Amino acid sequence: MKTLTLTIALVSLAFLSSKAQLEQQMTFELPELVQLSFDHSDQDERKIEVSELPVKIRTALNQIKNYEGWHPKSAHVVEDSKIPSSTFYKIEITNGIETKTIKMDADGAVLV
């Protein structure tokens, strides 16, 4: 009986030890991922008038089949000081009921 109790105790200790190591690894890696995903400190975003959007973007907005009947409501230009030529546009579009935000590069390609 003592052997069974000792065996159960050792297995439990081994399980808890590996669980603690796994949690420690997961906790260590997660902040790096979050920091990389949401570090926008070098981005400069400024509001512009919809009429100031490049012609290629305004043309593309009218040709996107998924957004037929949607109209631009507001726009922002976003630039990253660390990445040259990384300018993109955030455009808020509406169809009267719903509002969505899409991102486009200067040539009018939708960014994911």
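All figures in this text were calculated on a predicted structure; none of them were measured in a lab. (Residues numbered from 1 in each chain as written. Predicted model: local features only at pLDDT ≥ 70, side-chain atom pairs only at ≥ 80, totals over all residues. Heavy atoms only, no water.)

Applying the stated criterion across every chain, the model contains 1 aromatic pair. Geometrically, the ring pair formed by Tyr-67 and Trp-70 is edge-to-face, given 5.8 Å between the ring centres and 85° between the ring planes. One exposure class covers both Tyr-67 and Trp-70, and it is buried. (Phe/Tyr/Trp six-rings, centres within 6.5 Å; stacked < 30°, edge-to-face > 60°. Buried < 20%, exposed > 50% of the residue type's maximum accessible area, 1.4 Å probe, protein only.)

This part takes up the pairing of strand S3 (residues 88-94). Of all 7 residues in S3, 5 are buried; the element is thus mostly enclosed. With 7 bridges joining them, S3 and strand S4 (residues 99-105) adopt antiparallel strand pairing. Residue Tyr-89 lies in a different strand from S4, and its bridge partner there is Met-104. Hairpin connection of S3 to S4: 4 residues between the antiparallel strands, including Gly-96 at a positive phi of 100°. (Helix = DSSP H or I, 4+ residues; strand = E, 2+ residues; numbered from the N terminus. Pairing = 2+ DSSP bridges.)

Let's shift gears to the sheet that holds S3. Pairing is antiparallel across the open sheet formed by 5 strands, whose spatial order is S1-S2-S3-S4-S5. Taken across any chain shown, the strands that pair with only one partner, and hence form the sheet edges, are strand S1 (43-48) and strand S5 (110-111). Against the sheet, helix H2 (residues 55-63) touches strand S2 (71-80), S3 and S4, its axis set at about 130° to S4. (Contact = heavy atoms within 4.5 Å. Axes fitted to C-alpha atoms, helices over the stretch in contact; angles between N-to-C directions.)

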